[in-house]
Amino acid sequence: MREATGFSPKPMRVPACMPLSSQYVLGSKLAMDYIAKLVGLSSEEVSQTLEMLDEAMFGVPVLKALRISQDKGKSLLFRDGEDPIYVEFPAVEIKVLAYFPLTEVGSVDSSIIHLAGITPVRVAQNPDSDSVRMENGLWFSLFGLPIPKVDRWKWTWDLEWASLLEYSN
């Protein structure tokens, strides 16, 4: 944060029971809100600064989706360059079981990319064991992550990591 903004906010604690990307989005928002009060930044300036930080630190569009969801308090489907689609999915509780660093993926067939994009939507709509097994199979195929043997465990992308989550309705 200091390198990007010149400020060193006080250390804050965010819940460790959430994926790393969610910890980053929540923690950086809390830090920027704190800084905004000190220097008189508007909420628009806070949002713009966070967007610049996200791009400089990670350069991945999913953080924009997480920020919009955080701001609106709603679940959404998001594709970079398009308007978000707000959706109603049943609430799910999660527990992070493990983190695993990801490696670069070589060339991937467009059908795999499509499957990787649609599968999380199917899991969110109906988190049955078939949908979760299909998504976990993708993680195995792309990154060699072990396929969990427990039906309510699933891998999810988490910035430069994959998080193994246990979920319940």
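Before reading further, recall that the structure is shown in the block above.
Residues numbered from 1 in each chain as written. Predicted model: local features only at pLDDT ≥ 70, side-chain atom pairs only at ≥ 80, totals over all residues. Heavy atoms only, no water.

Now for the layout of surface pockets. Roughly 490 Å³ of volume is contained in the second largest pocket. Lining the second largest pocket we find 20 residues, and of these Ser47, Glu51, Lys64, Arg67 and Ile68 sit closest to its centre. Listing elements by their share of the lining of the second largest pocket, those giving two or more residues are α3 (43–57) and α4 (62–72). Ranked by residues supplied to the lining of the second largest pocket, first place goes to α3 with nine residues. Looking at the lining of the second largest pocket residue by residue, the class counts come to six nonpolar, five polar and nine charged. (1 Å grid on protein atoms, 1.4 Å probe; cavity = no way out; pocket = protein on both sides within 12 Å on 5 of 7 lines; lining within 4 Å. Points joined across faces, edges and corners; volume = space filled by probe spheres on them. Helix = DSSP H or I, 4+ residues; strand = E, 2+ residues; numbered from the N terminus. Nonpolar A, V, L, I, M, F, W, Y, C, P; charged D, E, K, R; others polar.)

As a further point, take the environment of Glu93. Locating Glu93 in the fold gives a position in strand β3 (residues 93–101). A sequence separation of 74 residues divides Glu93 from Tyr167, and the C-alpha atoms of the two residues are 5.5 Å apart. When sequence neighbours within four positions are dropped, the list of residues in contact with Glu93 reads Glu166, Tyr167 and Ser168. (Contact = heavy atoms within 4.5 Å.)

What follows concerns unusual backbone geometry. Positioned with a positive phi, Leu159 is a non-glycine residue whose angle comes to about 60 degrees. Along the chain, the position of Leu159 falls in the loop between β4 (153–158) and β5 (161–168). Since its relative accessible area comes to 11%, Leu159 is described here as buried. (Buried < 20%, exposed > 50% of the residue type's maximum accessible area, 1.4 Å probe, protein only.)

Remark: helix α5 (residues 110–125) packs on helix α6 (residues 129–143), axes separated minimally by 9 Å, with the N-to-C direction vectors making an angle of 145 degrees. The two elements α5 and α6 cross, and the hand of that crossing is left-handed. Across the interface between the two elements, Ile112, Leu115, Ala116, Thr119, Pro120, Arg122 and Val123 of α5 pack against Ser131, Val132, Met134, Glu135, Leu138 and Leu142 of α6. Class assignment for the residues of the contact of α5 with α6 results in nine nonpolar, two polar and two charged. (Axes fitted to C-alpha atoms, helices over the stretch in contact; angles between N-to-C directions. Left-handed = near helix turned anticlockwise from the far one by under 90°.)

A separate point is α3. With 15 residues, α3 should cover 21 Å at 1.5 Å per step; its first-to-last C-alpha distance of 21 Å lies within 8% of that length. Listed in full, the buried residues belonging to α3 are Val46, Thr49, Leu50, Leu53 and Asp54. Considered in projection along α3, the buried side chains sweep an arc of 140 degrees and stay on one side of the axis. Relative to its buried face, α3 has exposed residues pointing more than 90 degrees away, namely Glu51, Met52, Glu55 and Ala56. Of the residues flanking the end of α3, it is Gly59, one or two places downstream, whose phi is positive at about 60 degrees. (Expected span 1.5 Å × (residues − 1). Arc of directions from axis to C-beta.)

So far we have only geometry, and geometry alone does not tell us how the molecule works.
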